[in-house]
Amino acid sequence: MHFMIGCVLLLVITSAKCSKRDKLQNRINILEQKLFHDSKEFREDISALISMANQSSPVSADHGKCKCEIDHSKTVPPSRYHLISSNCKDNYTQQSMNLMKKALSEEKQHTRKLISEVKTAAMNNLNKIVEVYEDIKKELNEVRFMQETCDNRFNKILESQNLIQDDIRSIHNTLDTVTKDTNISKKLEKRVGILETASNTLWHIHESSLYFVGKEAKNWSEAVDVCKTLGAYLAQVDDSSENEFLTNLAKTTYEGSGYGVWLGGSDLSKEGIWIWEHSETQIAFDNWATEEPNGNRIENCLHMYRHVNWKWNDLRCKRELGYICEKKLILV
């Protein structure tokens, strides 16, 4: 804002300077025209006097003396007189020279006066121009000082803003840490609650899943439906750790059929391609008993076989035996 005001002041002062310079130039032009005009008249007077001095003039006698008479029949600018006397030619010539000297002296004085006036006017205007220049210089220095002051204040504001932004980021990081800690605490509290619930029921926990061993005999399809009513699915074994946990769980909790318990795998969709019912993905980890699976189109459902140390076996899906349901822990 201050910089814009300084620019406007500079334009106004420069305009005033140009105006004064134009006035001075016009004054000088007028003086030059006047000097030229007066010099022209002076030259015309000198030329007329010289012309009259060279001319022959008639004689007029009065009581035996020479007399200069005025001839009004001729007009000579600017003296307007024609001196006539042949007997007083020398006197006339002397008078003419005196007039020329006088005119020349007056013209010199007039010229000196004009030159003096021009010099005085020029000096006055030059002094005014110098004053205006000094004023402009002073104004520019003030504008520069104000600009530097504004720049310094702006830089300080930027520094303060950066510090504030750093503080805000630090606060956000602290809040994120507190929020994470709070979420972890909530998850731990929920996990403890689930563990307490599981310990008081027939659900057993392993890593991120809960498992339920169904002891009533069901065929494979019925076991799938029962698990769904419990919000779960027939167990899906993804690695050796989970398989070992389920083996021990079945050994210690299941006392029913000698065939063991159902798991959630089958090749019902395509013979020889074993798929987990819940995720609809092909079985990657397995624990098949020796020479299993071997049931071809007859045995299409997976179970943990009690008589072969709970290894995997394919069996007719209509057989009725126990089952293991699984559901994931959801910690929000």
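Relevant structure appears above.
First, a word on what this report is: a plain description of the structure on this page. (Residues numbered from 1 in each chain as written. Predicted model: local features only at pLDDT ≥ 70, side-chain atom pairs only at ≥ 80, totals over all residues. Heavy atoms only, no water.)

**Things to note about the overall build of the protein chain**
So, point 1. When its secondary structure is counted, the protein chain shows four helices and twelve strands.
So, point 2. Split into buried and exposed, the 332 residues of the protein chain put 28% on the buried side.
So, point 3. Sequence separation of at least 24 residues holds for 71% of the intrachain contacts in the protein chain that already meet a minimum separation of 6.
So, point 4. Here the protein chain displays about 22400 Å² of accessible surface, and carbon together with sulfur accounts for 54% of that area. (Helix = DSSP H or I, 4+ residues; strand = E, 2+ residues; numbered from the N terminus. Buried < 20%, exposed > 50% of the residue type's maximum accessible area, 1.4 Å probe, protein only. Contact = heavy atoms within 4.5 Å. Areas by Shrake-Rupley, 256 points an atom, 1.4 Å probe, with all protein chains shown as cover.)

**Here's the deal with a nonpolar patch on the surface**
So, point 1. A cluster of nonpolar side chains, Met123, Leu126 and Val130, forms an exposed patch at the surface whose accessible area comes to about 260 Å².
So, point 2. Considering the arrangement of structural elements, one finds Leu126 in helix H2 (residues 89–199). (Patch = residues over 30% accessible without salt bridge, like charges linked within 9 Å, V, L, I, M, F, W, Y side chains within 5 Å. Salt bridge = Lys/Arg side-chain N within 4 Å of Asp/Glu carboxyl O.)

**So, the nonpolar core**
So, point 1. Core analysis: the largest hydrophobic core is formed by 36 residues, its most contacted members being Leu234, Leu246, Trp262, Leu263, Leu302, Trp312 and Tyr323.
So, point 2. Breaking this core down by element, the ones donating at least two residues are strand S6 (209–218), helix H3 (220–229), helix H4 (240–253), strand S8 (261–266), strand S10 (301–305), strand S11 (311–315) and strand S12 (321–328). (Core = buried A, V, L, I, M, F, W, Y, C linked by side-chain atoms within 4.5 Å.)

**Description of the side chain of Thr253**
So, point 1. Among the structural elements, Thr253 can be located in helix H4.
So, point 2. A polar contact is formed between the side chain of Thr253 and the backbone oxygen of Leu249, at a distance of 2.5 Å.
So, point 3. In contact with Thr253, other than residues within four places in its own chain, are His204, Val213 and Lys215. (Polar contact = N/O pair within 3.5 Å; in protein donor to acceptor, adjacent residues only side chain to side chain.)

**What to know about the packing of aromatic side chains**
So, point 1. The final tally for this structure, using the stated rule, is seven aromatic pairs.
So, point 2. Measuring from centroid to centroid gives 6.1 Å for Trp276 and Trp312, while their planes differ by 85 degrees, and the two rings are edge-to-face. Taken together, the residues span a long stretch of sequence, with Trp276 in strand S9 (residues 275–276) and Trp312 in strand S11 at a distance of 36 residues. In this structure, Trp276 and Trp312 share a single accessibility class: buried.
So, point 3. With centroids separated by 6.0 Å and ring planes inclined at 85 degrees, the aromatic side chains of Phe285 and Trp312 adopt a geometry described as edge-to-face. (Phe/Tyr/Trp six-rings, centres within 6.5 Å; stacked < 30°, edge-to-face > 60°.)

**Things to note about the pairing of strand S5 (residues 203–206)**
So, point 1. By the bridge criterion, four bridges tie S5 to S6 in an arrangement that is antiparallel. Bridge pairing in S6 links Ile205 to Leu210.
So, point 2. The antiparallel hairpin formed by S5 and S6 contains two residues in its connecting segment, where Glu207 sits at a positive phi of about 50 degrees. (Pairing = 2+ DSSP bridges.)

**Let's talk about the pattern of salt bridges**
So, point 1. Scanning all chains against the criterion turns up two salt bridges.
So, point 2. The partner of Glu277 in a salt bridge is Lys228, and the shortest N-O contact between them spans 3.8 Å. Placement of the pair is Glu277 in the loop between S9 and S10 and Lys228 in helix H3, with a sequence separation of 49 residues.
So, point 3. Given the relative accessible area of 22%, Glu277 is considered partly exposed.

This is a description of form; function is not addressed.
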